[in-house]
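Observations on the model geometry
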Amino acid sequence: MNLVAALLLALPLTMAAVIGLLHRRLTTKQAGVLAFAMTATCFGLAVAAFTHLRGLPVDERFVEATFWRWIELGGADGGAVDGAATRLALDVGVWLDPLSVTWALFVTGVGSLIFLYSISYMAHEQGGARYFAYLCLFLFSMLTLVLGSNLVLTFLGWEGVGLCSYLLIGFEYGKETAAQAGRKAFLLNRIGDIGFLIGMFWTWKLFGTLGHGEMKPLMAGALAAGAVIPPLLALSYFVGACGKSAQLPLFVWLPDAMAGPTPVSALIHAATMVTAGVYLLCRLSPLFAAAAWALDVVAWTGAATALFAGLIALRQRDIKRVLAYSTVSQLGYMFLACGLGAFASGAFHVVTHAFFKALLFLGSGAVIHALHGEQDLWKMGGLKHHLPKTAFAMRIGAFALAGIAPFAGFFSKDEILGVAFAQAYAGDRSRWVLWGMGVLTAALTAFYTARMITLCFDGESRLDPHAHAHPHEAPPAMAIPLQILAVLSLAGGIALGFEALHWMPLHHWLEPVLAPAPDLQLSSALTWGLMTLAFLIAVLAWRIGAKWYSGDFAAARAAELSLPRLARVLAGRFFVDEIYGGLIVRPLRFCAELALEFDQRVVDGLFRGIGTAAVLLGTAVRIVQNGVIHSYAFWVLAGTVTLLAVALS
Amino acid sequence: MTMLATLLTATPLVATSLAATPLGGALLAATPPSDATAPLWLTLIKVFTVFGITMTLVPMLVLAERRVSAWMQYRVGPNRVGPGGSLQPLADLVKMLFKEELRPDGVPPFIFTAAPAIAAICALSMMAVVPFGGTLEVGGRSIPMVVADTDIGVLVVLALSSIGVYGITLGGWASNSKYSLLGGLRSSAQMISYELSLGISLLGVLVVSGNFESGSFRLSDVIEYQATTGIWNALRLPLGFVLFTIAAFAETNRLPFDLPEAEPELVGGYHTEYSSMRFGLFFLGEYAAMVAGSSVIVCLFLGGWHCPWLTTEVTVGWTGALLQMSVFLAKVLAFLFFFIHVRWTLPRLRYDQLMTLGWKWMLPLSLLNLLWAGAHAALGWF
Amino acid sequence: MVPQAWYLIVSALLFGLGIVGFVTRRNSLVMFMSVELMLNAANLVFVAGARDHFPARGTACALFVIAVAAAEVAVGLAMVLALFRLKKSVQADDVRELRA
Amino acid sequence: MLSERTAFLVFSAIALIGAANVVTRKNPVHAALWLVGSFLGVAGLFLTLGAGLLGAIQVMVYAGAIMVLFLFVILLLNLDVTEGDGLSFARGASFLAAIATLALVALPFAQSRELRAAATPDHAAPDASAGNVADLLFTRYALPFEVVSLLLLIAMVGAIHLARRPRRDESV
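A quick note: this is a predicted structure, and the numbers were derived from the prediction, not measured.

1. Let's talk about the overall build of chain A
Each helix and strand counted, chain A has 25 helices and four strands in total. The burial tally for chain A puts 55% of its 649 residues in the buried class. A sequence separation of at least 24 residues applies to 81% of the contacts in chain A between residues at least 6 apart. As displayed, chain A offers around 26500 Å² of accessible surface, 68% of which is attributable to carbon and sulfur atoms.

Here it is, written out as structure tokens:
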């Protein structure tokens with residue numbers, strides 16, 4: 001297992017280095033094939049790790065592979081003295097347990113499909129080899145994040161994916177928007193990282209260790225006593241998770257990040273990277289479970305984010321932006337699940353979401369590819385005639401997103417709503433609101449998904465006939481991943497969990513790692529009823545959306561614009577960016593300009609003054625250098641006499 | 001009248017010059033850290049012995065030179081004054097003393113006069129550190145048979161030969177004549193060039209004789225070493241011997257290195273403008289330098305007073321001392337004969353040949369010799 | 001024994017004479033000679049100062065000074081020669097090219 | 001016969017008179033000769049200090065090599081000796097400063113009681129014989145020794161380069 005663990009990290013890094021160093025020599029295709037081969041191998045390794053863990057007894061399903069001692073500080077006695085840790089010992093190693101292996105599986109699995117897709121998607125781009133080097137580096141970072149045996153390694157991967165997303169979003173750095181989006185993603189992630197860092201420091205102070213294996217028993221027990229510290233500690237991690245997983249109020253980077261190539265969006269901003277936040281919550285689930293009111297914060301944030309992003313998605317014209325906001329919204333669901341204590345349900349949704357969101361992004365990529373870069377939904381329409389396979393696959397993905405049975409998203413989302421309902425039903429009134437928000441969001445999701453699909457594939461063609469005379473289907477290398485993901489989106493949900501039938505393999509698999517969910521079993525009838533309700537709502541919303549947009553496009557557009565104020569607010573994404581701009585960026589900019597003025601006038605003036613003074617002094621003293629040796633001798637002598645006089649007096 | 005005036009000016013000068021020499025020796029002998037037990041009268045006796053012998057040798061040498069050259073050139077040579085011309089040097093001296101004391105116009109009088117004195121004094125003073133015998137044990141007193149038994153003896157030789165250059169250089173400069181100046185300049189260049197080889201080949205001797213281990217530069221120690229081992233340094237350092245001899249020839253301005261006074265080119269070289277006893281002093285200095293040079297070579301390379309069949313048991317007391325002195329004198333005389341012989345055998349070098357020989361051959365070879373000496377000492381050869 | 005102070009005073013006088021020579025004479029050769037005087041004064045201090053306790057050290061240091069002086073004279077005289085070729089003069093104040 | 005004190009007085013008189021004449025002679029050749037005298041005087045002082053080795057070296061190197069070089073150059077340049085003696089401000093001031101230095105340096109020496117007292121030499125200390133000096137040079141002072149030899153080498157190269165007569169095609 002040690003070898004498998006080592007290879008899981010070493011292979012992507014090696015490949016990143018190889019491709020990165022040779023990126024001027026390798027063609028895009030060569031680089032892509034190399035990278036894909038590596039990812040596929042990694043997937044194989046992850047599967048091997050999975051089978052190995054399956055073979056172990058439930059309580060011993062973990063493997064810690066330590067490679068070398070990384071950092072060692074403080075005394076050798078270790079442990080905590082007076083509650084304060086005196087020693088920090090960190091190893092570079094891999095921690096394999098059900099949670100990390102699950103993430104590794106879908107990261108490498110979905111990842112390899114996206115790599116495969118990228119080979120032909122990027123075939124005509126400049127610097128394709130560089131792109132694949134970044135992808136490999138990204139995969140390495142993500143695997144470090146997931147598999148690292150301690151929080152510091154996780155943080156290393158955390159920063160690594162941040163860096164890679166910066167590099168990949170800004171891949172076409174010639175484009176101003178891409179460069180800016182990259183910067184924005186980087187900076188907003190920094191805010192979250194501060195939370196993560198504070199959390200780590202605090203954790204070390206409290207527990208004296210940061211290793212996943214050592215921390216787990218400590219978290220629940222040691223923290224049970226405190227009423228203030230555990231929630232604050234949990235919240236600081238939560239801030240980090242918010243940044244990475246694009247929750248309110250740090251979500252604004254994710255939609256902008258669509259400026260990168262579409263496969264990147266699929267890989268980073270839909271299926272894998274943004275799930276890092278959820279991974280962190282799951283990894284620290286005992287801590288969160290012990291931190292009572294912190295969980296509420298998580299839940300409310302998640303619900304609010306879901307609803308908020310769902311509303312914004314209603315009115316986006318850019319196909320990738322719709323998907324981006326849907327991602328934010330779905331992430332909100334996951335956070336809601338975690339906030340309700342149902343970490344396993346959140347993880348379930350992560351997995352299904354990875355399948356269908358990757359499918360949708362890749363599908364939209366195929367559409368954009370066919371239309372030579374056109375992303376505006378209002379300029380599409382009727383594409384199902386040109387791209388039948390893509391349209392079919394996209395529709396499956398859309399059903400999964402909309403939560404229509406029996407597609408994958410239905411099961412996971414319904415489970416989250418079920419947990420909220422169960423808690424509300426058990427007497428917690430505030431949970432009704434959460435449940436209501438979830439249901440509303442579900443309806444919105446179905447509606448805007450239908451809108452997107454309809455605008456894109458149905459109705460009459462609004463294509464520019466000169467630019468896109470004959471859009472054609474994507475090549476096989478792009479189609480195959482779509483088909484595989486379509487199958488997964490169809491069957492992935494029911495295969496991993498069907499609560500009503502008590503078929504929950506993923507939950508059982510994750511059970512030894514995660515904090516136990518509150519045990520609130522609804523009656524079977526109530527469960528079926530809720531499922532039916534959710535299904536009906538989704539179908540109804542979908543029908544309305546499809547009906548609305550499949551008809552007269554002009555009317556639909558007029559209807560969208562009929563509520564001018566609301567329309568503006570939604571189209572403008574609630575003006576969050578503008579608010580941030582006004583509240584944070586402008587004062588900061590003002591301060592910066594003030595500092596600049598200060599620097600230029602006072603500081604620089606000081607130095608320039610010194611320089612000028614030196615020049616003036618030099619001009620004055622230059623007279624002394626008259627070229628006459630005797631006068632030099634005199635000055636030397638004068639100095640000597642002075643020194644002697646001082647020394648001898 | 002002129003004759004009288006000349007006598008009046010020249011005689012005190014010569015007298016003081018000659019008096020300065022033993023004084024210098026006495027001074028050397030008296031200065032610390034030499035053994036202060038030697039009483040003044042003993043030192044004075046030694047001074048005047050050495051001085052007397054040298055001053056006797058010089059006229060003999062002049063005569064010998066003329067006779068030997070005549071013999072080599074198959075002619076008779078001076079044979080009128082005294083039996084076999086033996087009083088010829090005395091006659092020369094009288095002639096010199098009574099010649100007119102000429103001083104060209106516009107020369108600095110003091111330097112002009114001092115130059116020959118420097119040359120003579122330096123050459124004569126060199127004899128002060130040359131041991132002419134071993135230690136004489138008499139009357140409960142052990143008397144080293146050397147005027148100044150100072151432990152920097154070899155260095156004194158070098159120092160005095162350095163100073164000796166001034167005599168010639170200044171004489172050339174002060175004469176206010178281009179021939180003299182050229183002679184003086186040539187002399188400076190030549191002496192500087194050959195002094196290096198001289199010094200370095202001398203170092204070789206000190207290395208093999210173990211002087212650096214004892215930290216003393218006494219010539220008597222070198223001789224002592226050769227006497228106890230029974231092997232002369234000329235065998236140990238054949239190259240050094242040759243080099244030192246050549247350099248000594250150059251230092252004494254003898255053929256084949258007599259460029260400073262090359263007659264065909266420079267009339268008389270640095271002493272063109274000199275006459276009478278001032279010239280006599282130059283003359284004296286040159287021959288005294290020959291004597292001193294021979295003595296030093298004999299001490300350094302040819303065993304000094306040591307004679308292979310005269311063991312230390314034989315050489316005790318007065319007779320022993322006399323025996324040693326005789327041996328030493330014999331060697332010096334033999335070497336002086338070699339000096340003269342060379343002069344009348346070899347042609348003169350050209351100036352550029354002189355420099356080439358000095359810098360491109362002598363200097364590297366003397367370094368090689370030093371290396372050889374180092375190996376000799378380090379590996380403990382004979 | 002002659003007290004060390006005497007030697008030091010002689011040395012100081014020599015040094016002072018050297019300074020006077022250096023700053024008042026215009027002939028660069030004489031200026032060099034004055035420098036040599038000062039170096040000699042320094043040597044005298046070394047040897048006199050070391051006389052009572054470390055005689056060998058004083059000599060060693062003085063030897064260094066002599067070596068440095070030799071180097072200085074070699075370069076200095078070469079410079080004077082070069083200068084003379086250029087200017088037909090060895091007067092120090094005829095050379096003022098290095099003024100600011 | 002010749003007490004150390006007498007020797008000291010004689011030699012320091014030679015050294016100082018020589019030095020004074022170096023500074024005051026107009027003719028550089030005379031100055032050089034007086035300098036030789038001064039060197040010899042200092043060499044004598046070295047002798048009285050028990051540093052015979054250094055005295056000999058002083059004569060050999062200073063009075064011999066260096067001064068011959070000096071004379072050589074002077075004769076080579078064949079100077080027409082006229083030195084203007086207008087005293088500029090700087091030179092006058094320098095003169096005063098020199099006197100001040102002299103006073104400052106000499107006075108404390110003259111006043112120092114320890115230095116004026118008859119010294120008590122440490123007889124155990126190694127004397128300044130060649131062997132001891134050589135030991136020092138190759139052990140304690142090995143590094144300065146090497147540095148100085150390097151300096152000499154550099155000086156030699158520099159001097160040769162500077163004094164080399166420029167080749168015809170190089171000359172301006």
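2. Some words on helix 6 (residues 176–207) of chain A
What sets the pattern is the α-helix's 3.6 residues per turn: residues three or four places apart point alike. Residue and element names in this part refer to chain A. Compared with an ideal rise of 1.5 Å per residue, which puts 32 residues at 46 Å, helix 6 spans 46 Å between its outermost C-alpha atoms and is within 8% of the ideal. In the structure, helix 6 departs most strongly from a straight axis at Ile191, where the bend amounts to approximately 25°. Gly208 lies just past helix 6 and shows a positive phi near 75°.

3. Examining the interface of chain C and chain A
Tallying the contact residues gives 14 residues for chain C and ten residues for chain A. For the pairing of chain C and chain A, the buried interface totals around 940 Å² over both sides, and the portion due to carbon and sulfur atoms is 71%. Our enumeration of links across chain C and chain A arrives at zero salt bridges. Applying the counting criterion to the chain C and chain A interface returns zero residue pairs in polar contact (both at pLDDT 80 or more).

4. A few points about the confidence of the model for chain C
Per-residue confidence for chain C averages 84 on the pLDDT scale, and 98% of its residues sit at or above 70. Taken element by element, chain C is modelled with least confidence in helix 1 (residues 4–24) of chain C, mean pLDDT 84, and with most confidence in helix 2 (residues 28–50) of chain C, mean pLDDT 89.

5. Examining the interface of chain D and chain C
Across the boundary between the two partners, chain D contributes 81 residues, which contact 66 residues of chain C. Contact between chain D and chain C buries roughly 6800 Å² in total, counting both sides, with carbon and sulfur atoms accounting for 78%. Joining chain D to chain C, the criterion identifies six residue pairs in polar contact (both at pLDDT 80 or more). Secondary structure elements with two or more residues in the side of chain D that touches chain C: helix 1 (4–24), helix 2 (28–48), helix 3 (52–77), helix 4 (89–111), helix 5 (113–116), helix 6 (130–138) and helix 7 (142–163) of chain D. When residues in the side of chain D that touches chain C are grouped by element, the largest group, 13 residues, is from helix 3 of chain D. Taken together, the residues of the side of chain D that touches chain C break down into 58 nonpolar, eleven polar and twelve charged.

6. So, the side chain of Asp97(A)
Residue and element names in this part refer to chain A. Its place among the elements puts Asp97 in the loop between strand 4 (87–96) and helix 3 (98–121). Residue Asp97 is classed as buried on the basis of its relative accessible area, which comes to 4%. Polar side-chain contacts of Asp97 include one of 3.1 Å to the side chain of Trp95. If we skip the residues at most four places from it in the chain, Asp97 touches Leu53, Arg61, Phe62, Arg283 and Val513.

7. A word on the packing of aromatic side chains
Aromatic ring pairs are reported here in terms of the distance separating the ring centres and the angle at which the planes meet. All names here are of chain A. The final tally for this structure, using the stated rule, is 40 aromatic pairs over all chains. Here the aromatic rings of Phe410 and Phe535 are separated by 6.4 Å at their centres, their planes lie at 90°, and the arrangement is edge-to-face. Of this pair, Phe410 sits in helix 17 (residues 408–425) while Phe535 is found in helix 21 (residues 524–550), placing the two residues 125 residues apart along the sequence. On the basis of relative accessibility, which here comes to 29%, the residue Phe535 falls in the partly exposed class. Linked through ring pairs, Phe410, Phe411, Phe498, Trp528 and Phe535 together constitute an aromatic cluster. When the ring centre of Phe186 is taken as origin, the NZ or CZ atom of Arg190, which lies over that ring, is 4.5 Å away.

8. Some thoughts on unusual backbone geometry
If you check the backbone angles, Ala246(A) has positive phi at about 55° while not being a glycine. With respect to the helices and strands, Ala246(A) occurs in the loop between helix 8 (229–244) and helix 9 (253–256). Ala246(A) gets classed as buried once you look at its relative accessible area, which sits at 0%. In this structure, Tyr74(B) is a non-glycine residue whose phi angle is positive, near 60°. With respect to the helices and strands, Tyr74(B) occurs in the loop between helix 2 (40–72) and helix 3 (88–98).

9. Let's talk about the confidence of the model for chain A
Regions with low pLDDT should not have their predicted coordinates read in detail. Across chain A, the average pLDDT comes to 84, with 94% of residues at or above 70. For chain A, per-element mean pLDDT is lowest for strand 2 (residues 80–81) of chain A, which scores 49, and highest for helix 14 (residues 319–339) of chain A, which scores 91.

10. Topic: the state of the cysteines
Tallying each qualifying case throughout the model produces zero disulfides over all chains. For the unlinked cysteine Cys42(A), the closest cysteine sulfur is that of Cys136(A), found at 8.9 Å.

11. As for a nonpolar patch on the surface
All names here are of chain A. A grouping of Phe575, Ile579, Leu583, Ile584, Val585 and Leu588 is seen on the molecular surface, where their side chains present a nonpolar patch of about 560 Å² in accessible area. Inspection of the secondary structure assignment puts Ile584 in helix 24 (residues 576–621). Classification of Ile584 by relative accessible area gives partly exposed; the value is 46%.

The rules behind these values
What you see as residue numbers is a count from 1 along each chain, following the sequence as written. All chains are assigned letters beginning at A, and all ligands numbers beginning at 1, according to the order in which they are written. Reporting of local features is limited, given that this is a predicted model, to residues whose pLDDT is at least 70; pairs of side-chain atoms are given and counted only at 80 or more, and all residues count toward the totals for whole chains, interfaces and linings. To get the side-chain values, take all heavy atoms of the structure and skip hydrogens and water. A run of H or I in DSSP counts as a helix once it spans at least four residues, and a run of E counts as a strand once it spans at least two, with each numbered from the N terminus. For every residue, the accessible area obtained with a 1.4 Å probe (protein chains only) is divided by the maximum for its type, and the residue is called buried under 20%, exposed over 50%, and partly exposed between those limits. Residues count as neighbours in contact if any of their non-hydrogen atoms are within 4.5 Å of one another. In this description, accessible areas are obtained by the Shrake-Rupley approach with a 1.4 Å probe, and a residue is regarded as covered only by the protein chains that are shown. Multiplying 1.5 Å by the helix residue count minus one yields the expected span of that helix. Think of it this way: the bend at a residue is just the angle between two axes, each fitted to seven residues, one set ending at that residue and the other starting at it. We define buried area as the total accessible area lost by two parts upon association, computed with a 1.4 Å probe and summed across both. The salt bridge definition used is simple: a Lys or Arg side-chain nitrogen within 4 Å of an Asp or Glu carboxyl oxygen. Under the rule applied, a polar contact is a pair of N or O atoms within 3.5 Å (in protein, one hydrogen donor and one hydrogen acceptor; residues adjacent in sequence only if both atoms are side-chain atoms). A score between 0 and 100, pLDDT records how confident the predictor is in each residue. Lys, Arg, Asp and Glu make up the charged group, whereas Ala, Val, Leu, Ile, Met, Phe, Trp, Tyr, Cys and Pro make up the nonpolar group; the residues left over, Gly among them, are polar. When the centres of two rings from Phe, Tyr and Trp lie within 6.5 Å, Trp using its six-membered ring, the rings pair. Their planes under 30 degrees apart give stacked, over 60 give edge-to-face, and anything left gives tilted. Distance and angle both matter: a charge sits over a ring if NZ of Lys or CZ of Arg is within 6 Å of the ring centre and within 35 degrees of the ring normal. Disulfides are defined in this document as cysteine sulfur pairs within 2.5 Å. Two distance rules govern patches: like charges are joined within 9 Å, and nonpolar side chains (Val, Leu, Ile, Met, Phe, Trp, Tyr) within 5 Å, applied only to residues with over 30% relative accessible area and no salt bridge.

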